[in-house]
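Results of the structural survey
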Amino acid sequence: MKIDEELIEDSGSVTVLAFDTSTAAFSAALVRDGSRIDSVASFAERNHSVRILSEIKELLERNGMKGEQIDAIVVGQGPGSYTGVRIAVTAAKTLAWAWNKPLIGVSTLEALALGAWLKLRTENEDLADDRDIWIVPILDARRGQVYTSRYAADHSGGWRTVDSDAIRLITDWAELIEDEGTEDAQVAAIWFIGDTPLHQAAIEAAEQSGTRLRMLAWDMDATALGLLGELKFRLGERHDVHSFVPNYTQLAEAEAKLLAASRGE
Amino acid sequence: MSGQANEAPSESGSLLLAIETSCDETSVAVVRGGREVLSNVVSSQIDTHRQFGGVVPEIASRKHVETMTIIIEEAVREAGVSLTDIDAVAVTQGPGLIGALLVGVVAAKSLALALDVPLIGTHHIAGHIYANSLVGDIIYPSIALVVSGGHTEIVLLEAEGKFRIIGRTRDDAVGEAYDKVARALKFPYPGGPHVDKLAQEATEEVVLPRSWLEPDSYDFSFSGLKSAVLAEINRSRMKGEAPDFSALARGFQQSVIDVVTGKAIRAAKEFGARQMMLCGGVAANRGLRERLAALCEEAGVPLLIPPNKLCTDNAAMIAAAADLKWRRGQFSSLDLKAEAVMSLEDWSV
Ligand SMILES: [Zn+2]
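Computed from a predicted structure; not experimentally measured.

1. Re the pattern of salt bridges
Here the idea is simple: oppositely charged side chains can pair when their charged atoms come close. Residue and element names in this part refer to chain A. The final tally for this structure, using the stated rule, is 35 salt bridges over all chains. Across the pair Asp38 and Arg62 runs a salt bridge whose closest N-O atoms are separated by 2.8 Å. With a gap of 24 residues between them, Asp38 in strand S3 (residues 35–42) and Arg62 in helix H2 (residues 48–62) connect regions that are remote in the sequence. A salt bridge links Glu180 to Arg150, with the nearest nitrogen and oxygen atoms 2.8 Å apart. Placement of Glu180 in helix H5 (residues 170–183) and of Arg150 in strand S7 (residues 145–153) is noted, with a sequence separation of 30 residues between them. Looking at Arg150, the relative accessible area reads 2%, which means it is buried.

Next comes the structure, spelled out in C-alpha cells:
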C-alpha cells in the first residue's frame, strides 16, 4: 500500500471523494495525492440516509470543491449492515453516473484495517522489525458471527491481503488466526480491530502464548478508504457504475432458504 | 424597436425527473409540466419475487440498487432530454417498504446534489391519485378511490392538492385480500388478476357476507371476507366435495365490489363530488371498473381511470403529484427521510 512520489509523478495529481456507511459510523473524506484534505465522521444511529448528502455537500463546499474537480468517487462496498452499505453504494453510483466520474469500490473491512494500522504503526514502534503484523478487522454480524478478513502489514509500508472478506464465527476464526500465528514465527503481533469490545471474550479465549494478541476498538475513517481508492485509481482500477453492487458476503435469508429447499436440505 | 419577444413559451413547463421505489418496481420518469410524460421506465421485480410467493423486502432493496442507475439513464435517454435540463428531482418519500424507499430517496438526493436542483419528497398515494392528471383534467371537489396491494382508501379532494381521507381499511388492503384468497384458490403469486378472471367467467356464485361496518362509515374491512372464503373451502372438504373455486372467486369479488363501489358512490353524493377517480394497482380489476363505471353513470358523476400502466406503481405519477409542490415552490431539504408510514393529509399543499 503505497502512494509514493514516483507514482504521483507518473499519474499526476489525483483527488478522490470517499465515503462509507456500512457501520455505525458515517464517514466521508477528501483525499489528494496520498493525504487527507478534510474529513467528517458522525454516529447517527443507523440513520445515515438522512444526512449523507448534506454531509458530502458541506464537505465539498467547505473545501471550495465542485463535483467536476473530483477525479473519482470511492465507496465502501461492505460488508456490513445491509441497509447501511446500500446507502453509500446507491449515493456513490448515482453521483458517479451524474457527474460522469469513475467509481471505485473498496472493501469496508480493508479500509477499517488500514485506518487502524496507520494509527498503530506510529504508536507501536517496538514492533518495528521486519516481521509481519496481522491486522484482523471484525464487524459484528450477530449470532456470534463477524464480517472479517486478514491483512499482513509491516513497518516499511508493506500491505497485503491474507484472507478476503467473509462472514465467519468469531470463535472459530479467532482460534484459526491464533493457531496460524503460533506456527508462523514471522508474525510480530496480531491485532484484532473494529467491533472488538463485543467479541473480546471469544478473542481472549483463543489466545495462545507468543502471538502478542492485541485488540483495538476502531471506527471507520474514510481517509483510509480514500487512500486505498486513490491507489486503485492510479493503478487503473474502475468499476462499472451500472453493475456495481454491495458485497453482502452472504445471500439474503429468503434466498438461502430457497437454495436449501431446492437442494432438498 | 418592435422586437418580437423571442422567448420560449413558459407553458412548455418544467422538467421533473421522478424516482419511485416504494415496493418491488424500480421506476424513473421524466415529465414536463406535470402532465406530459416524456418517459416512464418501470423495471418490475415480479419474476424474482414470484419464486418466494410474495415480495421479500431485503431482496427488493437489493434489486433496486442493481437497477437504479440503469433505469435513470434509460428514462433520461428515452425522454430525449439532457440531464442538465432537469429542473427538479421528485421521489417517493413514503409510505412503503422502508429499505426499498431508502434506495430511491438516496438516489434522488444524490441527483439533486449532483445537478444542483431542488428535491421534492412525494407521497405515494398522492402519486396514485394524480396519475389521473396525466390522462385528464381533475375537477374539484373530487373523490378518489385508491385500491392497491397496500392501500384501500377513499380520499376527498376539495381543491387541488388538498387531501382528506374519509375512509380506509381497518385490516387488509383490497389487493392483499385478493392475493390471500388467490393463494387459498391455489393460484401462483401474484394471484389478484387470476381471481378477477375466474370471477368474470363464473356461472355460479357462492354468496358471501358484505362488511359494511357502521352505517355512516367509509372504512373497510376485508379480513372477515377472506376468512369466509377459507371457511367455505373447509366446509366443502369436510363434506368430501371439491370446492367450487370459480363460484367462490365470484362470491368474493362481488362482495368486495359491492362494498367498495357502494361506499365510493355514497361519498361522491355526500360531498357533492363533480368527479370520481379510480386509482392504484387494483384499478386494473375488470369487474371493479365496470361496476364503478355503471354506478357513476347512474349518479351522473364523471369517472376518470388511468390506463393500467399508470395505475400500477410508476414514477410518472410521482412526477405528476410532485408538480403540485413544484408550482408552489415547496421543496424538501437534502435531509429528506424515507418514511414507511406517512400521512397523506399532511402532505397536502
Ligand atoms: Zn402503489
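After presenting the structure, the write-up continues.
2. Remarks on the sheet that holds strand S8 (residues 159–169) of chain A
All names here are of chain A. Spatially, five strands are ordered S8-S7-S6-S9-S10 in an open sheet, and the strand pairing comes out mixed. Of all the strands in the sheet, just S8 and strand S10 (213–217) have a single pairing partner and so form its edges. Taking each pair of neighbouring strands and ignoring which way they run, the sheet shows an average axis angle of 20°. Here strand S6 (residues 132–140) runs beside strand S9 (residues 187–194); their pairing, made up of seven bridges, is parallel.

3. Quick look at the sheet that holds strand S8 (residues 163–168) of chain B
All names here are of chain B. The strand order across the open sheet built from five strands is S8-S7-S6-S9-S10, with neighbouring strands paired in mixed fashion. At either margin of the open sheet sits one strand with a lone partner, and together these are S8 and strand S10 (303–304). Relative to S10, strand S9 (residues 275–279) runs parallel, the two being bridged by two bridges. Bridge pairing links Met276 to Leu303 in S10.

4. Structural notes on the layout of surface pockets
Residues and elements named next belong to chain A. When its volume is computed, the second largest pocket comes out at roughly 600 Å³. Along its surface, the second largest pocket is lined by 25 residues, and Gly80, Asp140, Ala141, Arg142 and Tyr147 are the ones closest to its centre. Broken down by secondary-structure element, the contributors of at least two residues to the lining of the second largest pocket are S6 and S7. Along the lines of polarity and charge, the residues of the lining of the second largest pocket split into eleven nonpolar, six polar and eight charged. Domain assignment of the residues forming the lining of the second largest pocket places at least three in each of domain 1 (5–107 + 221–251) and domain 2 (109–217).

5. Quick word on the domain arrangement of chain A
Residues and elements named next belong to chain A. Taken domain by domain, chain A comprises domain 1 (5–107 + 221–251) and domain 2 (109–217). Relative placement of domain 1 and domain 2: their C-alpha centres are 25 Å apart. Domain 1 puts 14 residues into the contact, and the matching count from domain 2 is 13 residues. The contact between domain 1 and domain 2 buries some 1,100 Å² in all, and 66% of this surface belongs to carbon and sulfur atoms.

6. Description of the coordination of the zinc ion
Residues and elements named next belong to chain B. Coordination of the zinc ion by the protein involves His124 (NE2), His128 (NE2) and Asp313 (OD), with metal-donor separations of 2.1 Å. Motif for the zinc ion, donor spacing along one chain: H-x3-H-x184-D. Placement of the pair is His124 in helix H4 (residues 124–130) and Asp313 in the loop between helix H10 (308–311) and helix H11 (315–327), with a sequence separation of 189 residues. Here His124 matches Asp313 in class, with each residue buried.

7. Examining the domain arrangement of chain B
All names here are of chain B. By the assigned domains, chain B splits into domain 1 (4–130 + 311–347) and domain 2 (138–305). Contacts between the two partners involve 21 residues from domain 1, matched on the other side by 22 residues from domain 2. For the pair domain 1 and domain 2, the summed buried surface comes to about 1,800 Å²; carbon and sulfur atoms form 68% of the total. The largest per-residue losses of area from domain 1 upon contact with domain 2 belong to Ile129, Tyr130 and Cys311, which jointly make up 33% of the total buried on that side. Of the charged contacts in the structure, one is a salt bridge between Glu160 and Arg328, with a shortest N-O distance of 2.7 Å.

So, how was this worked out
Residues numbered from 1 in each chain as written. Chains lettered and ligands numbered in written order. Predicted model: local features only at pLDDT ≥ 70, side-chain atom pairs only at ≥ 80, totals over all residues. Heavy atoms only, no water. Salt bridge = Lys/Arg side-chain N within 4 Å of Asp/Glu carboxyl O. Helix = DSSP H or I, 4+ residues; strand = E, 2+ residues; numbered from the N terminus. Buried < 20%, exposed > 50% of the residue type's maximum accessible area, 1.4 Å probe, protein only. Pairing = 2+ DSSP bridges. Axes fitted to C-alpha atoms, helices over the stretch in contact; angles between N-to-C directions. 1 Å grid on protein atoms, 1.4 Å probe; cavity = no way out; pocket = protein on both sides within 12 Å on 5 of 7 lines; lining within 4 Å. Points joined across faces, edges and corners; volume = space filled by probe spheres on them. Nonpolar A, V, L, I, M, F, W, Y, C, P; charged D, E, K, R; others polar. Domains from an automatic or database assignment. Contact = heavy atoms within 4.5 Å. Buried area = accessible area lost by both parts, 1.4 Å probe. Donors = N, O, S within 2.8 Å, 3.2 Å for Na, K, Ca; no water.

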